[in-house]
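# Structural overview
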Amino acid sequence: MTTPHIFKLEPNPSETKLKKFYETLREGRLTTTYCGKCSLTHWPPRMVCPNCMNEDLNWIELSGKGRLYAFTEVMDGAPLGMEDELPYIIGVVELDEGIRLLARIVDTKYGELRIGQRVVFTIKPRGDFAVLSFRPE
Amino acid sequence: MNKAAIVGAGLSKFGKRGDVSLRELAAEAAVEAFKHAKNIEPRDIDAVFVSCAQPERLVVQSNVSPLIAEYLGVKPSRGAVRVEAACSSGGVALRLASAMIAGGYAENVLVLGVEKMHAAPREEVMTSLSIVADREWESIHGINAPAGFALVAQRHMHEYGTTEEQMGYVALKNHKNGEMNPKAMFRKRITIQEYADSPVISRPLKLYDCSPICDGAACVILTAAERARRYNDTPIIIEAIAQSTSGNTVSSLESLTTWPAMREAVSQAYRAAGVGPGDIDVAEVHDCFTIAEIVEYEELGFCEKGMGGRFVEDGQSDIGGRVAVNTSGGLKAKGHPIGATGVAQAVEIVFQLQGEAGKRQVGGAEIGLTHNLGGFAVNHVVGIYRRAT
Ligand SMILES: CC(C)(COP(=O)(O)OP(=O)(O)OC[C@H]1O[C@@H](n2cnc3c(N)ncnc32)[C@H](O)[C@@H]1OP(=O)(O)O)[C@@H](O)C(=O)NCCC(=O)NCCS
Ligand SMILES: [Zn+2]
């Protein structure tokens, strides 16, 4: 079947200044930017600090550990290219650093998950893209 | 400041409208709005706002505001523009149009909300809805609107003990109201058993928690309050219309169940209109998912935080309850054509305040409220309306 697919949802790592993020992600490391001027860890990573406009940001590695804040199992309505992954679990993870982010929750079943449970960062391949994921600790 | 008044309101039939194109759908609502008003014709309109969220993807057409203006025979000497703010596009368009009138930039403004969602392949529609989230950081995980609000539902159940059955009562009420609205997409009541048995879309949300994919259009004609009686015997004054925005991602939200941007818009609107939650007789709120309506009762101050589930279960938001909410059937039963929704909410409030809402009329309604939401509950528009005295 030919679908009218203009582009993939996955960003092209060579068309963003966040190339480093995607390179390290593929190596299984979760990184982000940090502003030394205001001691602020960002999420998502960015090129300019939203607090002080500083462009001289540092890359730091996150612990990759945190707690499950909320989660759902998607049974229907996947966007293009993800239909074959249904059903899948999406969660909001609260990292020990205090950052909240959205990610796939993998290597588990919906019925086995609980709000507040410990999870750790992992990646799952989708073609040559690494999907930011978490699994129970 | 010159307040704006609504002197004409119209709605197309909502639903699966394979029989009309985008512009024809728009025209159905516009023609009804001109008929609802008096002494005003397309040539009297000097500015046009079209709210339409994703015509490029859904019907492969850009620049829809001049396109629709031309089709309607409107030559807007003060300009035509399209407004996009995801599901809150209509509310934002209404607010900008009111500001044009308040600032003296235009005299008679046409606000037209429209979306045709059924023409595109289903997976294109799902992708279009998904990219309202942040594509690079959220949509790539396969998030869609049901999943986003499923997270809200889970947290609300966890923090306040809200139940699936209480969410079901929102669906029951809105389907019951939709049955009385000839323009609604779904005109049938449902039972709590049918609700419980409906297929799971994104746990814990089921089909009957979701607003549908829908085609539809809504239109209002605005003019300055002091000129309004020329065009309608019972103009409806926009006492206040406020908008507030947080970020876009879930990372930007303090909480999934407390929405500071909504609180901000709500308090701005109440303050500007000089009213409080106890004064509202009828409200159209953004029930894109049943849980959203529950959170909104709380953020609007209709009940205490965490008590939204109880509020609907006790019938307080029924017609005849403390405040009638979503008498039109809401997004749930009337339908949710993205760009049309915010305008359609105002249309229902106009009919209610004019006493023209037929079987679903709220007796003696004097003050109405609209709440229109966009994205991951990140953008909120709140309007307050009163019959001209
Ligand atoms: C829930 C959803 C995935 C269901 O879509 P779908 O499976 O393609 O639905 P279909 O068109 O195949 O309809 C199947 C049946 O369910 C009915 N139906 C569809 N959506 C419905 C809804 N939300 N509520 C009640 N019934 C619905 C249809 O009328 C049809 O009934 P029929 O078999 O008697 O004719 C879709 O409605 C959806 O994505 N909703 C959310 C839209 C959204 O995200 N909007 C933005 C919100 S911010
Ligand atoms: Zn900084």
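Description of the structure in this document.

Basis of the calculations
Residues numbered from 1 in each chain as written. Chains lettered and ligands numbered in written order. Predicted model: local features only at pLDDT ≥ 70, side-chain atom pairs only at ≥ 80, totals over all residues. Heavy atoms only, no water. Near = heavy atom within 4 Å. Polar contact = N/O pair within 3.5 Å; in protein donor to acceptor, adjacent residues only side chain to side chain. Areas by Shrake-Rupley, 256 points an atom, 1.4 Å probe, with all protein chains shown as cover. Helix = DSSP H or I, 4+ residues; strand = E, 2+ residues; numbered from the N terminus. Nonpolar A, V, L, I, M, F, W, Y, C, P; charged D, E, K, R; others polar. Buried < 20%, exposed > 50% of the residue type's maximum accessible area, 1.4 Å probe, protein only. Pairing = 2+ DSSP bridges. Core = buried A, V, L, I, M, F, W, Y, C linked by side-chain atoms within 4.5 Å. Contact = heavy atoms within 4.5 Å. Donors = N, O, S within 2.8 Å, 3.2 Å for Na, K, Ca; no water. Tetrahedral: all angles 85-135°; square planar, octahedral: opposite > 155°, others 65-115°. Salt bridge = Lys/Arg side-chain N within 4 Å of Asp/Glu carboxyl O.

## A short note on the site of ligand 1
Near ligand 1 there are 21 residues, and of these B:Arg122, B:Ala145, B:Cys210, B:Ser211 and B:Lys332 occur at the shortest range. Looking at the residues close to ligand 1, they fall on chains A and B. Taking B:Ser211, its main chain carries an N or O atom lying 3.0 Å from a nitrogen atom of ligand 1. In the model, a nitrogen atom of ligand 1 is placed 2.9 Å from a nitrogen or oxygen of the B:Lys332 side chain. Relative to its unbound accessible area of 930 Å², ligand 1 is 68% covered by the protein chains. Elements represented by at least two residues in the shell around ligand 1 include exactly α5 (122-130) and α6 (145-160) of chain B. Here the shell around ligand 1 gets three residues from one element, more than from any other, and that element is α5(B). Along the lines of polarity and charge, the residues of the shell around ligand 1 split into 15 nonpolar, two polar and four charged.

## Side note on the pairing of strand β4 (residues 65-74) of chain A
Residue and element names in this part refer to chain A. Burial of β4 is extensive: eight of the 10 residues sit out of reach of the surface. Pairing geometry for β4 and strand β7 (residues 118-126), over three bridges, is antiparallel. The residue bridging Gly 66 from the neighbouring strand is Val 119, located in β7. The sheet contact formed by β4 and strand β5 (residues 88-95) spans eight bridges and is antiparallel. Looking at the pairing, Phe 71 lines up with Gly 91 of β5.

## Things to note about the nonpolar core
Judged by nonpolar contacts, the single largest core of 93 residues is most densely connected at A:Leu132, A:Phe134, B:Phe149 and B:Phe302. Discounting chain neighbours no more than four positions away, the residues touching A:Leu132 are A:Phe21, A:Leu25, A:Leu30, A:Trp43, A:Leu101, A:Ala103, A:Arg104, A:Phe121, A:Thr122 and B:His141. Within the second largest apolar cluster, 42 residues are counted, among which are B:Leu11, B:Val92, B:Ala93 and B:Cys214.

## Looking at the coordination of the zinc ion (ligand 2)
Residue and element names in this part refer to chain A. In the first shell of the zinc ion (ligand 2), the protein supplies Cys 35 (SG), Cys 38 (SG), Cys 49 (SG) and Cys 52 (SG), at 2.1 to 2.4 Å from the metal. What the four donor atoms of the zinc ion (ligand 2) show is an angle range of 101 to 120° at the metal, which sorts the shape as tetrahedral. Within one chain, the residues donating to the zinc ion (ligand 2) are spaced in sequence as C-x2-C-x10-C-x2-C.

## A look at the environment of B:Asn379
All names here are of chain B. Relative to the helices and strands, Asn 379 resides in strand β12 (residues 379-387). Since its relative accessible area comes to 8%, Asn 379 is described here as buried. Taking the C-alpha atoms as reference points, Asn 379 and Gln 243, 136 residues apart in sequence, are found 7.3 Å from one another. If we ignore the near neighbours within four places in the chain, the residues touching Asn 379 are Ala 85, Ser 88, Val 92, Gln 243, Ser 244, Thr 245, Asn 372, Leu 373 and Gly 374. Engagement of the side chain of Asn 379 in a polar contact is seen with the side chain of Ser 88, the distance being 3.0 Å.

## Some remarks on the pattern of salt bridges
Counted according to the given criterion, the structure contains 30 salt bridges over all chains. In this structure, a network of salt bridges that share partners links the residues A:Glu10, A:Glu85, A:Arg104 and A:Arg126.

## Things to note about unusual backbone geometry
Working note: non-glycine residues mostly have negative phi, and peptide bonds are mostly trans. Note that the residue after A:Trp43, namely A:Pro44, is joined by a cis bond; omega there is -5°. As for its position among the elements, A:Pro44 is in the loop between β2 (40-41) and β3 (58-61). The linkage connecting B:Arg203 with the following residue, B:Pro204, adopts the cis geometry, with an omega of 0°. The topology assignment puts B:Pro204 in the loop between β5 (200-202) and β6 (205-206). Even without glycine at this site, A:Met53 takes up a positive phi of about 70°. Taking the relative accessible area as the measure of exposure, A:Met53 reaches 66% and is therefore exposed. A positive phi angle is found at B:Ala377, which is not glycine, with a value near 55°. One can find B:Ala377 in the loop between β11 (367-374) and β12.

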